[in-house]
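# Observations on the model geometry
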Amino acid sequence: MKILVTGADGQLGMSFREVAEGSGHEFLFTSSVPSEGTMKLDITDAEEVSRVVAAEGTDVIINCAGYTDVAKAEQEPDKALKVNAEAVGYLAEAARSAGALLVHISTDYVFDGRSGVPYAEDAQPAPLSAYGRSKLAGETAVLASGCRHLIIRSAWLYSVYGNNFVKTIYEKTASQPVIKVVSDQIGTPTYAGDLVEFIMSLLEDDIEIKDGIYNYTNEGVCSWYDLAWEVCRLSGHLCDVLPCRTADYPTGVERPHFSVLDKTKVRETFGIGIPHWADSLRFCLSKFE
Ligand SMILES: NC(=O)c1ccc[n+]([C@@H]2O[C@H](COP(=O)([O-])OP(=O)(O)OC[C@H]3O[C@@H](n4cnc5c(N)ncnc54)[C@H](OP(=O)(O)O)[C@@H]3O)[C@@H](O)[C@H]2O)c1
């Protein structure tokens, strides 16, 4: 299959680059600014999107591009909407014209976090932030387009690439004697390599794919504090990781207090096992210097 990956310089895009060789598929990696190993594709440029997708004979588009700065999105919601919704509409339209499958990555931030139980795919979204609203609008654009699609809602992504919570905590616990981390936001981390492996498994020839929304994170539940504590412990760093409340550290953006995603649908539809977050964290940290 010919697979076009957008946002290939981001952490999820970089994680796809790791598996390209030997996958049996032909990959085309693209980024808004061309870099080594990528071709230019700014997904907000409708003409460029339709030209590249059509010219490359694409079977699958994996959209790893996104406006992902949750705090900054509050200051520039239009820009977040342009990348996370309008441009996703362009990709969906191009996928529909080419008969390609669009794999689009969405987020737990489409929910308000007021549930006491994990969110299934058909739970009512109610985003609290500009980022969450833009991502929900992106889902709507895909669903409205009529293209073949998989919308995969994930959460708390980390990897050895880019900026992410695990890398930040790894560095802070190595250099500071005490750090405080919020303990009243509960969710599930996702190692980007596991998400990539899951998506790649769906592209095998014998898998019948039913369009729709699917949740995929690692298994288990924790707070940001628990995750930070485990990063510190597994890294052998001598730092006191202390819990604090979100209210004590206002960031100007409201985040869900509970955003665990229910993965029954992916487990039952695809018969997959999902690694626990603590096991995947240990694996990822083993790749840190
Ligand atoms: N990170 C998380 O915790 C998390 C959780 C759930 C879902 N997701 C979703 O997963 C996807 C991947 O996230 P990530 O963590 O890999 O994000 P990331 O590291 O911030 O990567 C996003 C990439 O998108 C690129 N991009 C932005 N605007 C673009 C444009 N107009 N055209 C082409 N590329 C563009 C960025 O590059 P430039 O800015 O240089 O253009 C960047 O390389 C996103 O859709 C995100 O919403 C992330």
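Scroll up a little and you will see the structure.
Overview of the structure.

Conventions used here
Residues numbered from 1 in each chain as written. Predicted model: local features only at pLDDT ≥ 70, side-chain atom pairs only at ≥ 80, totals over all residues. Heavy atoms only, no water. Axes fitted to C-alpha atoms, helices over the stretch in contact; angles between N-to-C directions. Helix = DSSP H or I, 4+ residues; strand = E, 2+ residues; numbered from the N terminus. Parallel < 35°, antiparallel > 145°, perpendicular 65-115°, else oblique. Left-handed = near helix turned anticlockwise from the far one by under 90°. Contact = heavy atoms within 4.5 Å. Near = heavy atom within 4 Å. Polar contact = N/O pair within 3.5 Å; in protein donor to acceptor, adjacent residues only side chain to side chain. Areas by Shrake-Rupley, 256 points an atom, 1.4 Å probe, with all protein chains shown as cover. Core = buried A, V, L, I, M, F, W, Y, C linked by side-chain atoms within 4.5 Å. Buried < 20%, exposed > 50% of the residue type's maximum accessible area, 1.4 Å probe, protein only. 1 Å grid on protein atoms, 1.4 Å probe; cavity = no way out; pocket = protein on both sides within 12 Å on 5 of 7 lines; lining within 4 Å. Points joined across faces, edges and corners; volume = space filled by probe spheres on them. Nonpolar A, V, L, I, M, F, W, Y, C, P; charged D, E, K, R; others polar. Phe/Tyr/Trp six-rings, centres within 6.5 Å; stacked < 30°, edge-to-face > 60°. Expected span 1.5 Å × (residues − 1).

Moving on: the packing of helix H4 (residues 77-98) against helix H5 (residues 130-145). Each pair of packed helices can be described by the angle between their axes along with the distance between the axes. Two numbers describe how H4 lies on H5: the axes approach to 8 Å, and their chain directions differ by 15°. With respect to each other, H4 and H5 are oriented roughly parallel. For the pair H4 and H5, the crossing hand works out as right-handed. Contacts between H4 and H5 involve Pro77, Ala80, Leu81, Asn84, Ala85, Val88, Gly89, Ala92 and Arg96 on the former and, on the latter, Ala130, Tyr131, Ser134, Lys135, Ala137, Gly138, Ala141, Val142 and Ser145.

The next subject is the site of the ligand. Surrounding the ligand, one finds 23 residues, the nearest of these being Ser32, Asp42, Thr68, Tyr131 and Lys135. Asp42 has a polar side-chain atom sitting 2.9 Å from a nitrogen atom of the ligand. Within the contact set of the ligand, a nitrogen atom lies 3.0 Å away from a backbone nitrogen or oxygen of Ile43. Relative to its unbound accessible area of 890 Å², the ligand is 77% covered by the protein chains.

Judged by nonpolar contacts, the single largest core of 30 residues is most densely connected at Leu4, Ile43, Val49, Ile61 and Leu102. When contributions to this core are tallied by element, the ones reaching two or more residues are helix H2 (46-55), helix H3 (70-75), H4 and H5. For this core, the element with the highest residue contribution is H4, accounting for eight residues. With residues up to four places along the chain from it excluded, the contact list for Val49 reads Leu41, Asp42, Ile43, Tyr90, Leu91 and Ala94. Within the second largest apolar cluster, 29 residues are counted, among which are Cys64, Leu150, Leu195 and Met200.

Each pocket or cavity is described by its volume, and for the second largest pocket that value is around 170 Å³. Taken together, 13 residues form the lining of the second largest pocket, with Glu18, Tyr191, Gly193, Asp194 and Lys287 sitting closest to its centre. When contributions to the lining of the second largest pocket are tallied by element, the ones reaching two or more residues are helix H1 (11-20) and helix H7 (192-202). In terms of residue count, the dominant contributor to the lining of the second largest pocket is H7 (four residues). Broken down by class, the residue content of the lining of the second largest pocket amounts to six nonpolar, three polar and four charged.

Applying the stated criterion across every chain, the model contains 11 aromatic pairs. Considering the side-chain rings of Tyr109 and Tyr131, the 6.0 Å spacing of their centres and the 80° angle between planes classify their relative orientation as edge-to-face. Of the two residues, Tyr109 is situated in the loop between strand S5 (101-107) and H5 and Tyr131 in helix H5; the sequence distance between them amounts to 22 residues. For the residue pair Tyr109 and Tyr131, the accessibility class agrees, reading buried in each case. Considering the side-chain rings of Phe198 and Tyr216, the 4.5 Å spacing of their centres and the 10° angle between planes classify their relative orientation as stacked. One end of the pair, Phe198, is in helix H7; the other, Tyr216, is in the loop between strand S11 (212-215) and strand S12 (222-223), with 18 residues separating them in the sequence. Residue Phe198 is classed as buried on the basis of its relative accessible area, which comes to 4%. Assessed through its relative accessible area of 2%, Tyr216 is described here as buried.

Moving on: the environment of Lys79. The topology assignment puts Lys79 in helix H4. Along the sequence, Lys79 and Ile213 sit 134 residues apart, while their C-alpha atoms lie 24 Å from each other.

Next up on the list: helix H8 (residues 224-235). The terminal C-alpha atoms of H8, which comprises 12 residues, lie 16 Å apart, in line with the 16 Å expected from a rise of 1.5 Å per residue. Listing the buried residues of H8 in full gives Trp224, Tyr225, Leu227, Ala228, Glu230, Val231 and Cys232. Buried-residue contacts for H8 involve helix H6 (165-175), strand S8 (178-182), S12, strand S13 (240-244) and helix H10 (277-285). Where H8 ends, the next residue or the one after it, Gly236, has phi of about 70°, a positive value.

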